[in-house]
Amino acid sequence: MKKKTALILAALLALSSFALSGCKSSEAAPEETLTSKIEDKAMAYRTDLMDSMATLTDNSKVRDYLLSWAKSKSVEVTSDANGNVFMTVPASESYKDAPPTVVVCQYDASSAASGISDYIPAMSTGLYLAKNASGYGELTVMFCPENQRDFSGISKVNSKYFPDDAKVFCLNPGSRQMWSFNSGGMSSYTFTGDVAYTAPAGDVAYTVSIQGLSGGIPDSGISGYPNPIKELGNLLASLKTNAVIFELAGISGGSCASLYPEGATATIVVDSGYVDKLETRLNSAIEKFTEKYGEDHPDMTYTFQQVEMPGKVFTKDSLNDFISTLYTLIDGVYLRDENDDLISITNLGVLSCSGSTWSASAVANSLTEESLADIDMTYEAICSLADIKYEKTGEHAGWSADSESDFAASVAKAFKDYSDADMTYRDCVAATAAPRIYEKNPNCSLVNVMMNESKIERYTGTIVTFMEDLPHSEEETE
């Protein structure tokens, strides 16, 4: 009897165990959260772009990459003759009456030593949305080429891509991340001076070089960026002030006026009797510079080494004029308002010597037309006093919109809902593509976004949440 009871209990336990295991196998797997989905997929897209950087050496290759990526992911894609790539997602039935969403990303593979890396965070967000933001309203993600911040791609986009009431997110690379309802205007300048040469009197030559800086787009963090062109200019002025007699064979730095220079190099000549004094000054300059900026720029190098003697150097008069002008050319924060909020900045981005001239290029960014006009006059006055040729080479209008609009409130709500953090809209002194978008159709709702890799997930999630909140009908369930 006991044996029979034991067998019955064993059978019941087996049936119970089978029933429990059956229940577990029929349960659905935990639903993947939006955060984990973005972290997984958007970061994977970022990794793929970073791994492909060695091949993405010009904008045509970036365009081809984007087209190939979209086709491999079954994302509807087209392009135009200007290199703009358009990925589109149709509206779902429940969101058929929702206004369209447009996301604009820039790309530039060749404007600086960093290549396309600064653009990859925004592009990763764009790729995620194109592939994964279905089931909402109509979506267009466009990738627009530019060359040294000229916004050439977006300038040529057909206005049909920005219909009335479209909700537009303009994504830009930036070291200072923010959401903004304005964008600074930009003016660009070139300065040219004459150089006369002579044979060097000294017998020892040195190359002084600052390299490995992060570069990027000038923005509200400009006061913390060590401009290597200005640093070497200040070094030359300091040597002169401290009676270190030297000659200058050449100096160069930067690659684009509208980007922070990533490095600069100067070649100087001294008499052998000044070697110890020069090296003492150089070591002191390197120590101070590294102490001030080294932690924020770990890849930066500031070095000097003896090199072969150059065949010619600036004459004394040319050297004095050059040092005085380079020292005087404004760079950095130009104007703050009474609340210490940033209004305008200038960036000396390029310096070179060629033949019998030296030339420099700079840009100014400002939230007001008045400050830009004042910068124009300041540069022109500096060049007039120094007998330097001044040329204003370009202008890019600014843009502003109401940061208390219904659209702004909707974006802030999506940000809060997704991140559980309050949105604070900030002033964007940097020039962006936003004004060019506004020119396409002023009846769009437009927000300007500066981002880097640390906020890809949060900013992507905000846009998805915003799209989810757009007007829609609830799907019927059985």
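Overview of the sheet that holds strand 4 (residues 139–145)
At step 1: Read from one edge to the other, the open sheet built from 7 strands follows the order 1-2-4-3-5-20-6, with strand pairing classed as mixed. Of all strands in the sheet, those with a lone pairing partner are strand 1 (76–79) and strand 6 (178–180), marking the two edges. If you compare each strand with its neighbour and ignore which way they point, the axes differ by 20° on average.
At step 2: As defined by bridge partners, strand 3 (residues 101–107) adjoins strand 5 (residues 167–173) across 5 bridges and the pair is classed as parallel. Looking at strand 5, one finds that V104 is bridged to C170.
At step 3: Packing of helix 3 (residues 59–72) onto the sheet brings it into contact with strand 1, strand 2 (85–89), strand 3 and strand 4, and relative to strand 2 it is tilted by some 20°.

Re the pairing of strand 8 (residues 185–194)
At step 1: Most of strand 8 is tucked away: 7 of the 10 residues are buried.
At step 2: Pairing analysis gives 10 bridges linking strand 8 to strand 17 (residues 357–366), with the strands arranged antiparallel. Residue pairing across strands places M186 opposite N365, the latter belonging to strand 17.

Considering the packing of aromatic side chains
At step 1: Scanning the entire structure with this criterion turns up 23 aromatic pairs.
At step 2: Pairing F314 with F322 gives two aromatic rings, centres 5.7 Å apart and planes at 75°, and the pair type is edge-to-face.
At step 3: Owing to a relative accessible area of 2%, F314 belongs among the buried residues under this scheme.
At step 4: For the cation-ring pair, K312 lies above Y197, with the distance from its terminal atom to the ring centre recorded as 4.3 Å.

Overview of the nonpolar core
At step 1: By size, the foremost hydrophobic cluster in this structure holds 80 residues, and its most contacted members are L66, M87, M142, F143, I154, F162 and W179.
At step 2: A per-element tally of this core places helix 4 (residues 120–132) first, with 7 residues.
At step 3: Ignoring any residue separated from it by four or fewer positions in sequence, one finds M87 in contact with L66, W69, A70, V75, E76, V77, L127, A130, L139, T140, V141 and F143.
At step 4: The next biggest cluster of nonpolar side chains, apart from the first, holds 57 residues, and it includes V208, I222, L235 and I286.

Remarks on helix 9 (residues 369–386)
At step 1: With 18 residues, helix 9 ought to run about 26 Å at 1.5 Å a step, and its terminal C-alpha atoms sit 26 Å apart, in line with that.
At step 2: Along helix 9, the residues that are buried comprise S371, L372, I375, D376, Y379, I382 and C383. One side of helix 9 holds all its buried residues, which, seen down the axis, span an arc of 150°. Structural note: helix 9 exposes E369, E370, M377, S384 and L385 on the side pointing more than 90 degrees away from its buried face.
At step 3: Of the surrounding elements, those touching the buried residues of helix 9 are strand 8, helix 8 (316–328), strand 15 (332–336), strand 16 (342–354), strand 17 and strand 18 (389–396).
At step 4: Looking one or two residues past helix 9, D387 carries a phi angle of roughly 60°, positive in sign.

Section: the side chain of K440
At step 1: Position of K440 relative to the elements: it lies in helix 11 (residues 434–440).
At step 2: Notably, K440 is buried but unbridged: the nearest opposite-charge side chain belongs to E439, and the N-O separation is 6.5 Å.
At step 3: Other than its neighbours up to four places away in sequence, K440 contacts I154, S155, K156, V157, S159 and F162.

Observations concerning the confidence of the model for the chain
At step 1: Overall, the prediction assigns the chain a mean pLDDT of 91, with 92% of residues at 70 or greater.
At step 2: Within the model, pLDDT remains below 50 along residues 1–29, and this stretch shows 0 contacts once partners closer than five positions in the same chain are excluded.

Things to note about the pattern of salt bridges
At step 1: Here the structure, examined in full by the defined rule, presents 12 salt bridges.
At step 2: Here R336 ties to D340 by a salt bridge, and the two come within 3.7 Å at their closest N and O atoms.
At step 3: By relative accessible area, which is 34% here, R336 ends up partly exposed.
At step 4: For K392, the salt bridge is made with E395, and the minimal N-O distance between the two is 2.9 Å.
At step 5: Relative accessible area serves as the criterion here: at 30%, K392 is assigned to the partly exposed category.
At step 6: Classification of E395 as exposed rests on a relative accessible area of 63%.
At step 7: Among the ionic contacts, a cluster of salt bridges with common partners joins D376, K392 and E395.

Topic: the side chain of S92
At step 1: Here S92 shows up in the loop between strand 2 and strand 3.
At step 2: With residues up to four places along the chain from it excluded, the contact list for S92 reads G135 and Y136.

Some words on unusual backbone geometry
At step 1: With a phi close to 60°, R149 is a non-glycine residue in the positive phi region.
At step 2: Note that R149 resides in the loop between strand 4 and helix 5 (152–155).
At step 3: With phi around 70°, D340 is a residue other than glycine that occupies positive phi space.
At step 4: With respect to the helices and strands, the residue D340 is situated in the loop between strand 15 and strand 16.

Reading the values: rules and limits
Residues numbered from 1 in each chain as written. Predicted model: local features only at pLDDT ≥ 70, side-chain atom pairs only at ≥ 80, totals over all residues. Heavy atoms only, no water. Pairing = 2+ DSSP bridges. Helix = DSSP H or I, 4+ residues; strand = E, 2+ residues; numbered from the N terminus. Axes fitted to C-alpha atoms, helices over the stretch in contact; angles between N-to-C directions. Contact = heavy atoms within 4.5 Å. Buried < 20%, exposed > 50% of the residue type's maximum accessible area, 1.4 Å probe, protein only. Phe/Tyr/Trp six-rings, centres within 6.5 Å; stacked < 30°, edge-to-face > 60°. Lys NZ or Arg CZ within 6 Å of the ring centre and 35° of its normal. Core = buried A, V, L, I, M, F, W, Y, C linked by side-chain atoms within 4.5 Å. Expected span 1.5 Å × (residues − 1). Arc of directions from axis to C-beta. Lys, Arg positive; Asp, Glu negative; His and termini not counted. Salt bridge = Lys/Arg side-chain N within 4 Å of Asp/Glu carboxyl O. pLDDT = per-residue confidence, 0-100.

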